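# Fold and geometry: a report
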Amino acid sequence: GRRYQAIEPDDGYFTYYETDGPDVLTCDAYLQRVNSPTPMTERIMRDSFTDMSRTVCRRAFVFGRMRGAFAATLQMNRLSPEAWLRDWAASEPWVASIARIEGWQAVDDGLPESTEARLRGGDERIEACLFIETLREEDCVSALENLASELDVPNTQTGIYRLLCELTSSQSSP
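Calculation rules
Residues numbered from 1 in each chain as written. Predicted model: local features only at pLDDT ≥ 70, side-chain atom pairs only at ≥ 80, totals over all residues. Heavy atoms only, no water. Helix = DSSP H or I, 4+ residues; strand = E, 2+ residues; numbered from the N terminus. Disulfide = S-S within 2.5 Å. Buried < 20%, exposed > 50% of the residue type's maximum accessible area, 1.4 Å probe, protein only. Pairing = 2+ DSSP bridges. Axes fitted to C-alpha atoms, helices over the stretch in contact; angles between N-to-C directions. Contact = heavy atoms within 4.5 Å.

## Brief notes about unusual backbone geometry
Positive phi values are uncommon outside glycine, yet Asp51 reaches one of about 55 degrees. Residue position: Asp51 is located in the loop between helix 2 (39-47) and strand 3 (57-63).

Written out as C-alpha cells, the structure reads:
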C-alpha cells in the first residue's frame, strides 16, 4: 500500500493497495473484516474517512520501473490507449522525471455495500484512472496539466499528491 497527501491543503489523501488480484477483496476473510469493524474502526470511518471514492480496479498496464515521490491522478470514463500514453511520455521534456505510469480499470465486484462504507456515508466509484508518478513536484504538475488538457479531463477529476509512506507485504508481518 502507498499513502499520499494532496499538495493542495484541502484536497485530502490518496491511498491505494496492491493485491494478488481483485478476488482477494471478495474472499470471506476480507468481507468479514469490512463488515465487522472494531469500535475504533467504526469511529475512524465515521469521523475521518468521509467523502471517499473507493473502487476495486485491475491494472491494465504499467510502464516505468521506478516509484516516484509525487503522484498525479486523472479520473476518467475510460482509459486512453497505452500506445498513445507511451508516445506522449516519450515526447515530453520532463520524461526523465516520470518514474511510472499505470492505467487502472474498474472491476465490478458485484458485492453489496460494506458496513465500513455505510459508516463513511457511502463510497463513490470511478470507471478508470491514470496514475503517474514523478520524481519532482514541478514535473508532476506539468505532466498533469498537459495530460488533463490533451485528454480533456476536468480539474475536478485530477489530483497531485506527495508520498507519505509505503508498506510492503514483507513489512506487514512480524
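We are not done yet, so read on.
## Details of the state of the cysteines
Within this structure, the stated rule accounts for 0 disulfides. The thiol of Cys129 is unpaired, and the distance to the nearest cysteine sulfur, on Cys57, comes to 7.2 Å. The thiol of Cys140 is unpaired, and the distance to the nearest cysteine sulfur, on Cys129, comes to 12 Å. Residue classification places Cys140 among the buried positions, given a relative accessible area of 1%.

## Focus on the sheet that holds strand 4 (residues 70-76)
Note on sheets: strands pair through backbone hydrogen bonds, and any given pair is parallel or antiparallel. If you walk across this open sheet you meet the 7 strands as 2-1-7-4-6-5-3, and the pairing is antiparallel. Strand pairing shows two members of the sheet lacking a second neighbour, strand 2 (13-16) and strand 3, which therefore form its edges. The sheet shows a mean angle of 30 degrees between the axes of neighbouring strands, direction not considered. Looking at chain direction, strand 4 and strand 6 (residues 128-134) are connected through 7 bridges and run antiparallel. By the bridge assignment for strand 6, Ala71 is matched with Glu133. Relative to strand 3, helix 3 (residues 82-91) is tilted by about 40 degrees, and along the sheet it contacts strand 3, strand 5 (98-106) and strand 6. Helix 5 (residues 137-151) rests against strand 4, strand 6 and strand 7 (158-166) of the sheet, and its axis sits at about 15 degrees to strand 4.

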